[in-house]
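What the coordinates show
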Amino acid sequence: MRSLGTAVGAGALLVALVGCASSTPTPVGAEGGPTLTTSASPTTSAPEEPEFESPVPPGGAEVPQDRVDASAVPADAPKTVWTEGDGSTIGVLAQEAGCGKASVEIAAQGPETVEVVLVETTPADQQVCTMDIRFPPLTAKLDAPLGEREVVLTTRQDTK
């Protein structure tokens, strides 16, 4: 009886080996898994610049760039200025990052120019802050409508 069990076991093993040896190999990717191609894809032209909506709110009127002196503002900072309503509300696009908070101040108003200060205030104590940059729209009230006056933008960093 023991030899019958051995013979049956050996026969099953032989059938399994013959079955594996005679099967044709399945190509990689033919079983529905992911396929990695190594050929170079055809080159395409550079993607077009994404289109963004204007930061000027509906009903606002953008101040022409030739009437905005942003020479004291960092090159990569936003320089968009607009007016709202009758022109006595001025809007700017500011920049803030991490724990910083942006605000706007009217430093001076004269017959020819309006001086606008973009302020970023950061906390004095050490905090864990996100590493992001935000561009909030801010507004300030003028004594009189902007009219044809030039807007002079400057920046300042404060700590609180």
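The preceding data block contains the structure.
Cut-offs applied
- Residues numbered from 1 in each chain as written.
- Predicted model: local features only at pLDDT ≥ 70, side-chain atom pairs only at ≥ 80, totals over all residues.
- Heavy atoms only, no water.
- Pairing = 2+ DSSP bridges.
- Helix = DSSP H or I, 4+ residues; strand = E, 2+ residues; numbered from the N terminus.
- Salt bridge = Lys/Arg side-chain N within 4 Å of Asp/Glu carboxyl O.
- Buried < 20%, exposed > 50% of the residue type's maximum accessible area, 1.4 Å probe, protein only.

1. Section: the sheet that holds strand S10 (residues 150-159)
In space, the four strands of this open sheet follow the order S2-S10-S7-S6, with mixed pairing throughout. With partners counted over all chains shown, the strands left at the sheet margins are strand S2 (68-69) and strand S6 (101-109), one partner each. Here eight bridges tie S6 to strand S7 (residues 113-122), and the two strands are oriented antiparallel to one another. Counted as the bridge partner of Glu-105 is Val-117 from S7.

2. Structural notes on the pattern of salt bridges
A side chain with one charge may pair with a side chain of the opposite charge, provided their charged atoms come close. A complete count under the given rule lists five salt bridges for this structure. Residue Glu-105 pairs with Arg-156 through a salt bridge whose shortest N-O separation is 2.9 Å. You can see Glu-105 sitting in strand S6 and its partner Arg-156 sitting in strand S10, a full 51 residues away along the chain. Its relative accessible area of 32% is what places Arg-156 among the partly exposed residues. Through salt bridges that share partners, Glu-96, Asp-132 and Arg-134 make up one connected network.

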